[in-house]
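Observations on chain architecture
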Amino acid sequence: MLASCSSNMSRIKTSNLYHVMQSKNTDIVDYLTENSRNDVAYDRYTSLLRGWALYRDLRFRKIYLDERVQSYYLRDTDRADYWAHSKMEYDNFYDFIVVLNSDSGDVNFGVRHSEWQAYLQDSEGTIIYASQIKKVNKKDYLDLFLEKYFVNLNAWSTIYEVRFPKFKTQQNKANIELVISSVKAKLNLNWENSSMFFEKEYDILPK
């Protein structure tokens, strides 16, 4: 019986369920789960890549900053500086967190001449390409944050920060889709309700 329990716990630890179960803030867990998008890229019947994406909307940025302030006991002035910088990034870019799992190991996403490229497409067919793809190092604060709250992370996941310039037309769109594509297959990560891409700071204030 003890061996069976040990085996079950070992299986749990290969996913992120073990860490998330220890989290005391289920609201954050639920928010990240509900607002992530996922897909699997297949070549015929073989899965090449599994992917999840989170958009850094204003709510995510506030949650992330609150956690950072709590973890490092940041001063009010530091918090204000972090928020101003984060708000500036939100106003000027579309920023995503992308989590990738591949059965064949590192996919070299974001590396020059990688077979996997990223673009953003809106409901009118307008396409913009990623201006920056950055691999997140293990034990960076973002890695620790996702390990604590994002259930779809596991020991084989690689985390990336992906940035796009803004669409020229800034009104709400029917949907926005992040595509990670290669010659053989693609991931389609679709936000049918794109309002979170165009929210203002007053939208996240308590009603």
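1. Some remarks on the sheet that holds strand β6 (residues 132–135)
The strand order across the open sheet built from five strands is β1-β2-β3-β7-β6, with neighbouring strands paired in antiparallel fashion. Since the sheet does not close on itself, it has two edges, and those belong to β1 (37–43) and β6, each with one partner. Strand-to-strand twist of the sheet, defined as the mean angle between neighbouring strand axes without regard to direction, takes the value 25°. In this structure, strand β2 (residues 46–55) lies alongside strand β3 (residues 93–101), joined through six bridges in antiparallel fashion. When the sheet's bridge partners are listed, Arg 50 is paired in β3 with Asn 101. Along the sheet, helix α6 (residues 141–149) makes contact with β2, β3 and β7 (158–165), crossing β7 at roughly 115°.

2. Looking at the side chain of Arg 163
Counting through the fold element by element, Arg 163 comes out in strand β7. At a separation of 3.1 Å, a polar atom in the side chain of Arg 163 contacts the side chain of Glu 89. Each residue touching Arg 163, except ones within four places of it in the same chain, is listed here: Glu 89, Phe 93, Tyr 94, Asp 95, Ala 130, Ser 131 and Gln 132.

3. So, the packing of aromatic side chains
According to the stated counting rule, one finds 17 aromatic pairs in the structure shown. Of the aromatic side chains, those joined through ring pairs into one cluster are Tyr 55, Tyr 94, Phe 96, Phe 164, Phe 167, Trp 191 and Phe 197. It is Arg 56 that lies over the ring of Tyr 64; its NZ or CZ is 5.5 Å from the centre. Positioned above the aromatic ring of Phe 93, the side-chain terminus of Arg 163 is 4.1 Å from the ring centre.

4. Looking at helix α5 (residues 76–92)
The end-to-end C-alpha separation of α5 is 24 Å, in line with the 24 Å expected for 17 residues at 1.5 Å each. Of the positions making up α5, those classed as buried are Trp 83, Ser 86, Lys 87, Glu 89 and Tyr 90. Projection of α5 onto a plane perpendicular to its axis shows the buried side chains occupying an angular sector of 155°, all on one side. Where α5 is buried, its residues contact β2, α4 (58–72), β3 and β7.

5. Describing the sheet that holds strand β4 (residues 117–122)
Spatially, the four strands line up as an open sheet ordered β5-β4-β8-β9, and their pairing is antiparallel. Whereas interior strands pair on both sides, the edge strands pair on one side only; in this sheet they are β5 (127–129) and β9 (186–191). The mean angle between the axes of side-by-side strands here comes to 20°, regardless of whether they run parallel or antiparallel.

6. Quick notes on unusual backbone geometry
Even without glycine at this site, Arg 44 takes up a positive phi of about 60°. Here Arg 44 lies in the loop between β1 and β2. A relative accessible area of 77% means that Arg 44 is categorised as exposed. Unusually for a residue other than glycine, Tyr 73 sits at a positive phi of about 50°. Here Tyr 73 is to be found in the loop between α4 and α5. Accessibility expressed as a relative area gives 73% for Tyr 73, which makes it exposed.

The rules behind these values
Residues numbered from 1 in each chain as written. Predicted model: local features only at pLDDT ≥ 70, side-chain atom pairs only at ≥ 80, totals over all residues. Heavy atoms only, no water. Pairing = 2+ DSSP bridges. Helix = DSSP H or I, 4+ residues; strand = E, 2+ residues; numbered from the N terminus. Axes fitted to C-alpha atoms, helices over the stretch in contact; angles between N-to-C directions. Contact = heavy atoms within 4.5 Å. Polar contact = N/O pair within 3.5 Å; in protein donor to acceptor, adjacent residues only side chain to side chain. Phe/Tyr/Trp six-rings, centres within 6.5 Å; stacked < 30°, edge-to-face > 60°. Lys NZ or Arg CZ within 6 Å of the ring centre and 35° of its normal. Expected span 1.5 Å × (residues − 1). Buried < 20%, exposed > 50% of the residue type's maximum accessible area, 1.4 Å probe, protein only. Arc of directions from axis to C-beta.

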